[in-house]
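Listed below are the residues making up each chain.
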Amino acid sequence: MLVANVTGGTFRDPAGSLFDFEGSILRLVKPSEVGRFEDMLRSDVLARLVDRGSVVGTRRLEAGDIPDRLRHLSGTWFKHDRVPFVSVPAEWSAAMLAEAALHTIAVNLELVRHGYILKDATPANVLFNGTEPVIVDVPSIEPLIPGRDVWVARHQFETTFLLPLMARIEAGLPIQWTLSDPVAGLAHEQCAQLLGVSRWWGMDRIRHVALPAALTARTVSGRAPASAPASPPGASALRRTQYVLERSLRALHHTVTRYADRIDRRQSHWSEYEGTRDHYSAQDLTDKRVFVAKAIDAVSPDWVLDIGANTGEFSEYAASRSAVVALDVDEVSVSSIYRRARRQGHAIHPLVMDLVRPTPASGWKNSESKSFLQRAQGRFDLTLMLAVAHHLRVSGGVPLEEIIDLGCSMGQKGLIFEFVPVDDPMFSAIARGRESIYSDYSLDKCVALLEHRGRIAMRSDLANGRTMFLLSTCS
Amino acid sequence: MVMSENRRRALSRASAALASFLAVVSVQPAVAYVDPGTGSMLVQMMIAGIAGAMFYFRELRLQFMTWVRRVVLQRTEPAGTTAETGEKPFQRSDD
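Keep in mind the model is a prediction, meaning the values are calculated, not measured.

A. Seen up close, the overall build of chain A. Counting secondary structure elements, chain A contains 16 helices and 15 strands. Based on the C-alpha atoms only, the size of chain A along its principal axes is roughly 80 × 60 × 40 Å. Counting every position in chain A, which comprises 475 residues, the buried fraction comes to 56%. Here the analysis covers contacts within chain A between residues at least 6 apart in sequence; of these, 69% occur between residues at least 24 apart.

Okay, structure coming up:
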């Protein structure tokens, strides 16, 4: 999330700054904006949205509760409810991006109906509580201006929500790339170049890619905007504005829904994994499931990190008692995990991530947005590394010692580790004849490394040659 | 060149109409710090202009139907209800 040093919080919003101070999320609002901000906080529509969990809860901080180190800053302090785990849009699957987009439109529609509107719209303003999207940029809500029939943030919504989603589905362009800057996103001209001639195929693409890209070339100079509407804005102007905006937002909702519906119809090599998993016999699979269930029950974690979650089967087991963050390199698989978790009400937060190259810190001075490892620090009680170590070793080129080190450091209480030997068919498939260079990778070495980091509380040798470990890292 | 009075009046009315149309769809991005974008803003403005016109036609039609009912059909239904046309007037927020 946005990192702030004490002398300065976030700086992009002219209305104020956000601070992450000793576990509290504090917002400083400038004196000139406080009146409007508090009026908005007191409104019925916001109370309803907060109640429903659609917008993050916000309350004014009493003078006595303001931290001493921040007292010198002028303005009024507010405190936000904290979302327990923060992910950045570059880590989201298409399903999560679509959900965040629809949520933003739904909240905006409700706001417009009651005389408010969002002044900006980017996935950076949305965090997820498990599978539930929450709008956290509360100062983004401002009063509607009667007579202004256009949504100024529409352009930003399109470049940061719609176009990256479109590019992912139509052209396979990873969200990780288009949303590396979640405030800028993918420009209309870039998307037009990406789609080529096909940008003229279908009303959605014409309206959102081809036309805007074509019109951007022209300058809008020479026509000074009028300073005031020709007739004084009255109730009729407000109603017209609300009418126009509602129609526009509903149409946008339909467009995003059309793309969201296409997400589930995709397939990938990994999403078909369960059907092609013949290196496990039925008995091996049962043994593995029994082991993992017993191990999770033994640790009894509050937060679980599932590395290489694939279909999310083990995340789902863990989610019956814990909050889970599931990682996988395959976006299609992650989208499926998200959709299923949302349907079943599990608190699983699935992300697209290659742990060999986790999300770095980014933004101004590389410190506006924390890296994944920084955000995960101290968060998880248990880490799962099932059927993934050989990928990290072979495809990632990471030594076994480092793999185990990372797994242990992420889980405060323990690590469930599945060791895949060199002669395993899956290992051979990815090593492709280079098995000899993996001399450091043996079961004995693995046991030695694990025992160096903690106590092997449980162990099971499966019939297919793989070995399951539960390592307890509690001191 | 000297213009006739009628033509001048018509011209000034047309300019006023154009000015009010432009004013209605023009952008005043003073408060927002977000780049509204030129291309997509133009598309949005065009569609908003059409939708705005539709709003007024709808209002005109509703007012016309109310007048028809009151004067021509001699009914005394309160203005704004649409029992005959069967569609609701645009709902404002009322909670």
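B. View of the packing of helix α3 (residues 94-113) of chain A against helix α4 (residues 154-171) of chain A. Residues and elements named next belong to chain A. Viewed as axis vectors pointing N to C, α3 and α4 meet at an angle of 145°, and their least axial separation amounts to 10 Å. The handedness of the crossing between α3 and α4 comes out as left-handed. Contacts between α3 and α4 involve Ala94, Leu97, Ala98, Ala100, Ala101, Thr104 and Ile105 from the former and Phe157, Thr160, Phe161, Pro164, Leu165 and Arg168 from the latter. Here the residues of the contact of α3 with α4 are counted per class, giving ten nonpolar, two polar and one charged.

C. Quick look at the packing of α3 of chain A against helix α11 (residues 331-344) of chain A. All names here are of chain A. Their axes nearest at 7 Å, the elements α3 and α11 cross at an angle of 50°. Regarding the angle of α3 to α11, the classification is oblique. Where α3 approaches α11, its residues Ala94, Ala95, Met96 and Glu99 are matched on the opposing element by Glu331, Ser335, Tyr338, Arg339 and Arg342.

D. Examining the confidence of the model for chain A more closely. Scored by pLDDT, chain A comes out at a mean of 90, with 92% of its residues at no less than 70. Within the model, the stretch residues 1-7 of chain A combines pLDDT values under 50 with 25 contacts to residues more than four positions away or in other chains.

E. Geometry of the pairing of strand β4 (residues 76-80) of chain A. All names here are of chain A. By the criterion of burial, β4 is predominantly enclosed, with four of the five residues buried. The pairing of strand β2 (residues 24-29) with β4 spans five bridges and is antiparallel. Counted as the bridge partner of Leu28 is Trp77 from β4. Alignment of strand β3 (residues 58-60) against β4, held across three bridges, turns out to be antiparallel. Bridging across to β4, Arg60 finds its partner in Phe78.

F. Representation of the sheet that holds strand β1 (residues 16-21) of chain A. All names here are of chain A. Reading across from one edge, β1-β2-β4-β3 is the order of the four strands in this open sheet, with antiparallel pairing throughout. With partners counted over all chains shown, the strands left at the sheet margins are β1 and β3, one partner each. This sheet shows a mean twist of 30° between the axes of neighbouring strands, independent of strand direction. This element, helix α1 (residues 31-42), spans β2, β3 and β4 of the sheet and lies at about 120° to β2.

G. Spatial organisation of the sheet that holds strand β14 (residues 455-461) of chain A. All names here are of chain A. Pairing is mixed in the open sheet, where seven strands are placed in the order β11-β10-β9-β12-β13-β15-β14. Looking at strand neighbours, the two that pair on one side only are β11 (348-352) and β14, the edges of this open sheet. Pairs of neighbouring strands in the sheet enclose a mean axial angle of 15°, with direction left out of account. Against the sheet, helix α16 (residues 443-453) touches β13 (411-419), β14 and β15 (467-472), its axis set at about 15° to β15.

H. Inspection of the pattern of salt bridges at higher detail. All names here are of chain A. The full count for this structure, using the stated rule, is 36 salt bridges over all chains. Between Lys370 and Asp20 there is a salt bridge, and its shortest N-O distance comes to 3.9 Å. Taken as a pair, Lys370 in the loop between β11 and α12 (372-376) and Asp20 in strand β1 lie far apart in primary sequence, 350 residues in all. With relative accessibility at 26%, the residue Lys370 sits in the partly exposed group. For Arg453, the salt bridge goes to Asp405, with nearest N and O atoms at 2.4 Å.

I. Quick peek at the nonpolar core. Residue and element names in this part refer to chain A. Residues Trp151, Phe157, Leu165, Leu327, Phe372 and Phe417 are the most contacted members of the largest nonpolar core, which totals 105 residues. Top element by residues in this core is α3. It accounts for 13 residues. Here Phe372 is in contact with Phe85, Glu91, Leu305, Leu327, Leu351, Met353, Leu355, Pro358, Thr359 and Met410, once residues within four sequence places are set aside. Counting 23 residues, the second-largest nonpolar core is a separate cluster that includes Ala318, Ala326, Ala341 and Met458.

J. Looking closely at the side chain of Lys288 of chain A. All names here are of chain A. Counting through the fold element by element, Lys288 comes out in helix α9 (residues 282-299). A polar contact of 2.7 Å, which involves the side chain of Lys288, links it to the side chain of Glu418. If we ignore the near neighbours within four places in the chain, the residues touching Lys288 are Tyr280, Phe314, Leu386, Ala387, Glu418, Leu462 and Met468.

K. Focus on the side chain of Ser17 of chain A. Residue and element names in this part refer to chain A. Note that Ser17 resides in strand β1. The class for Ser17 is buried, based on a relative accessible area of 17%. In this structure the side chain of Ser17 is engaged in a polar contact, spanning 2.8 Å, whose partner is the backbone oxygen of Thr10.

L. Summary view of α1 of chain A. All names here are of chain A. The terminal C-alpha atoms of α1 lie 17 Å apart, and with twelve residues this matches the ideal 16 Å at 1.5 Å per residue to within 8%. Turning to α1, its buried residues are Val34, Phe37, Glu38, Met40 and Leu41. One side of α1 carries all its buried residues, which in axial view fall inside an arc of 155°. Buried residues along α1 sit against β2, α2 (44-51), β3, β4, β5 (116-118) and β8 (141-143).

M. View of the packing of aromatic side chains. Residue and element names in this part refer to chain A. Enumeration according to the criterion identifies 15 aromatic pairs over all chains in this entry. Judged by centre distance (6.2 Å) and plane angle (70°), the ring pair of Phe85 and Phe372 falls under edge-to-face. Of this pair, Phe85 sits in the loop between β4 and α3 while Phe372 sits in helix α12, and the two are 287 residues apart along the sequence. Phe85 sits in the buried class, given a relative accessible area of 2%.

Procedures and definitions
Going along each chain's sequence as written, the residues are numbered from 1 onward. Chains carry letters from A onward and ligands carry numbers from 1 onward, assigned in written order. Confidence filtering applies because this is a predicted model: local features only for residues at pLDDT of at least 70, side-chain atom pairs given and counted only at 80 or more, and all residues used for totals across whole chains, interfaces and linings. Here the side-chain values reflect all heavy atoms present in the structure, with hydrogen atoms and water set aside. Strands here mean DSSP runs of E at least two residues long; helices mean DSSP runs of H or I at least four residues long; both are numbered from the N terminus. Remark: exposure states derive from per-residue accessible area (1.4 Å probe, protein chains only) relative to the maximum for the residue type, with buried under 20%, exposed over 50%, and partly exposed in between. Any two residues whose heavy atoms approach within 4.5 Å are treated as being in contact. The axes are straight lines fitted to the C-alpha atoms, using for helices just the contacting stretch, and the angles between their N-to-C directions are given from 0 to 180°. Working rule for handedness: look at the near helix, and if it is turned counterclockwise from the far one by less than a right angle, call the crossing left-handed; if clockwise, right-handed. Classes in brief: Ala, Val, Leu, Ile, Met, Phe, Trp, Tyr, Cys and Pro nonpolar; Asp, Glu, Lys and Arg charged; the others, Gly included, polar. By definition in this entry, angles of less than 35 degrees are roughly parallel, angles greater than 145 are roughly antiparallel, angles of 65 to 115 are roughly perpendicular, and the rest are oblique. pLDDT is defined as a per-residue confidence score from the predictor, taking values between 0 and 100. DSSP-based pairing: two strands are paired if at least 2 bridges between them are found. Salt bridges are counted wherever a side-chain nitrogen of Lys or Arg sits within 4 Å of a carboxyl oxygen of Asp or Glu. Side-chain atoms within 4.5 Å are what join buried Ala, Val, Leu, Ile, Met, Phe, Trp, Tyr and Cys residues into a set we call a nonpolar core. Each polar contact in these results corresponds to two N or O atoms within 3.5 Å; when the atoms are within protein, one needs to be able to donate a hydrogen and the other to accept it, and residues that are neighboring in sequence are counted only if both atoms are side-chain atoms. By this rule the span expected of a helix is its residue count minus one, scaled by 1.5 Å. Comment: arc refers to directions from the helix axis out to C-beta atoms. Two aromatic rings, drawn from Phe, Tyr or Trp (for Trp, its six-membered ring), form a pair once their centres lie within 6.5 Å of each other, and the interplanar angle then sorts them: stacked below 30 degrees, edge-to-face above 60, tilted otherwise.

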